[in-house]
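Working through the structure, step by step
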Amino acid sequence: MRLVMIGSGYVGLVSGACFADFGHSVVCVDKVEDKVESLRKGLIPIFEPGLDALVASNAKAGRLSFSTDLAAAVRDADAVFIAVGTPSRRGDGHADLSYVYAAAREIARAVTGFTVIVTKSTVPVGTGDEVERIMREENPQADIEVVSNPEFLREGAAISDFKRPDRVVIGTVEPRAIEVMKDVYRPLSLNEAPLMFCERRTSELIKYAGNAFLAMKITFINEIADLCERVGADVQKVAKGIGLDKRIGDKFLHAGPGYGGSCFPKDTLALAKTAQDHDSPMRLVEATVAINDNRKRAMARKVIAAGGGDVRGKKVAVLGLTFKPNTDDMRESPSIAIIQALQDNGAVISAYDPEGMEAAKSVIDGVVYATSPYDAADGADVLVLVTEWDAFRALDFARLKTLMNAPLLVDLRNVYPPQEVMRHGFEYHSVGRKSGGAA
Ligand code: UDX
């Protein structure tokens, strides 16, 4: 099949490369010429494990190409996917759909023959209707169907999530569109992923409801973690104990510094706004947003308390800056607010991240970027683990102890068993578990 991806960001690039790998012929379109130029040279603008090799092999096989010419790409396509950004609009938290609508207009002018238009970007309920209205207004002759097909991939595991999804949700009840979408996803049937067809609005809401539910689950366990610290319980065992109940499930019950990233913060906010607009407020989601925002500053207070109540003039070494491991994405990362709050309290920050330091430089000021965890810890009074990169899972505590002013680790991801750290003579604080001094 001939497929076109409009927007070569995270979702567009991963989906485009994976569809090409399924054997389809895919053109990824982007407005930014430099980006397209680099993609043609095999330079991938994001860090995602396996993506560069997947792009390279499919480009070499002639199944994947890059272009700035939307009209030429769309002309003979069977399906055109809109995978442009939908950032939070400044001021009101609604999703900004101007890129989606602009793409829809351009596509409408270019289509020939029956073409399925697929919104892959996360868009509020009713956007598909508006995309269809705009396209029919722009080109009344266009033979199109507009389908919603939300993407559920996680950064850092994007390729396996795309190729082995739990389900594929497709919002259309039009028989011609259903046939095209079945062909698009046919290679997946080998992996037995169920295709779920439903109405377009239902599909749009599934994406938001799914992300909000996961964000709520994380926020729930984070509040349980706070309570665990007060009552002397262990959040990891509580998570395991409730997660074994199949109705609850054990995923997304890892307590930490609060969720970040390009999806959860934006999508929870947008869902809460949509619900308010329709006079059907979602108080659980509103509370989730507020609790998660506060949590980041609370984590800075935790570090300050661990450091004896005052970090003025002290050196705090931060390990991990990205919102999660295996990405270079800094969007809404808890590290940003935590570092800011520590700096406001007079701390001097050194930081190390395996992939995120370039991106961090443009969003965090006044930080000394180190070349390794040990370089960051040199002369530090407190070591804070903010993102659970594998590189931080087997730290050399004996070495750290000789480098640091005081052997103190605040582990905001519960990477270590407390005894293991304390055995090395460290004071250890984590999330939702008992803190303790050197053993
Ligand atoms: C998420 C959704 O999982 C995905 O389905 C959707 O398409 C996009 O948003 P992503 O943002 O890439 O994916 O990362 P995810 O692994 O879901 O983590 C999001 C945030 O939650 C991270 O900051 C992570 O550290 C945090 N998290 C996740 C927790 O704090 N605890 C958990 O148990 C799980």
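Everything here concerns the structure above.
Source: prediction; values computed, not measured.

Examining the pairing of strand S2 (residues 25-29)
Within a regular strand, side chains alternate between the sheet's two faces. Of all five residues that make up S2, four are buried, and the element is covered over most of its length. Where strand S1 (residues 2-6) and S2 come together, five bridges link them in parallel fashion. Each bridged residue has a counterpart across the sheet, and for Leu 3 the counterpart in S2 is Val 26. A crossover connection joins S1 to the parallel S2 through helix H1 (residues 10-21); in handedness this β-α-β unit is right-handed. Sheet topology note: the S2/strand S3 (residues 64-67) ladder contains four bridges and is parallel. Residue pairing across strands places Val 27 opposite Ser 65, the latter belonging to S3.

Details of the site of the ligand
As a structural note, the neighbourhood of the ligand is formed by 19 residues, with Glu 155, His 254, Tyr 259, Gly 261 and Cys 263 the closest of them. A total of three residues in the shell around the ligand trace back to one element, the largest contributor, which is helix H9 (residues 200-231). In terms of residue class, the shell around the ligand is made up of ten nonpolar, five polar and four charged. Counting residues domain by domain, the shell around the ligand receives three or more from each of domain 1 (2-195) and domain 2 (199-439).

Considerations on the packing of helix H11 (residues 264-277) against helix H12 (residues 283-306)
Taken N-terminus to C-terminus, the directions of H11 and H12 make an angle of 140°; their axes are 9 Å apart at the nearest point. Taken together, the axes of H11 and H12 lie oblique to each other. As H11 packs across H12, the resulting crossing turns out to be left-handed. Of H12, the residues touching H11 (which contributes Thr 268, Leu 269, Leu 271 and Ala 272) are Val 285, Glu 286, Thr 288 and Val 289.

Each value, and the rule that gives it
Residues numbered from 1 in each chain as written. Predicted model: local features only at pLDDT ≥ 70, side-chain atom pairs only at ≥ 80, totals over all residues. Buried ≥ 20, exposed ≤ 12 C-beta atoms within 10 Å, placed from the backbone. Helix = DSSP H or I, 4+ residues; strand = E, 2+ residues; numbered from the N terminus. Pairing = 2+ DSSP bridges. Right-handed = clockwise from strand over helix to strand, strands pointing away. Near = placed C-beta within 6 Å. Nonpolar A, V, L, I, M, F, W, Y, C, P; charged D, E, K, R; others polar. Domains from an automatic or database assignment. Axes fitted to C-alpha atoms, helices over the stretch in contact; angles between N-to-C directions. Parallel < 35°, antiparallel > 145°, perpendicular 65-115°, else oblique. Left-handed = near helix turned anticlockwise from the far one by under 90°. Contact = placed C-beta atoms within 7 Å.

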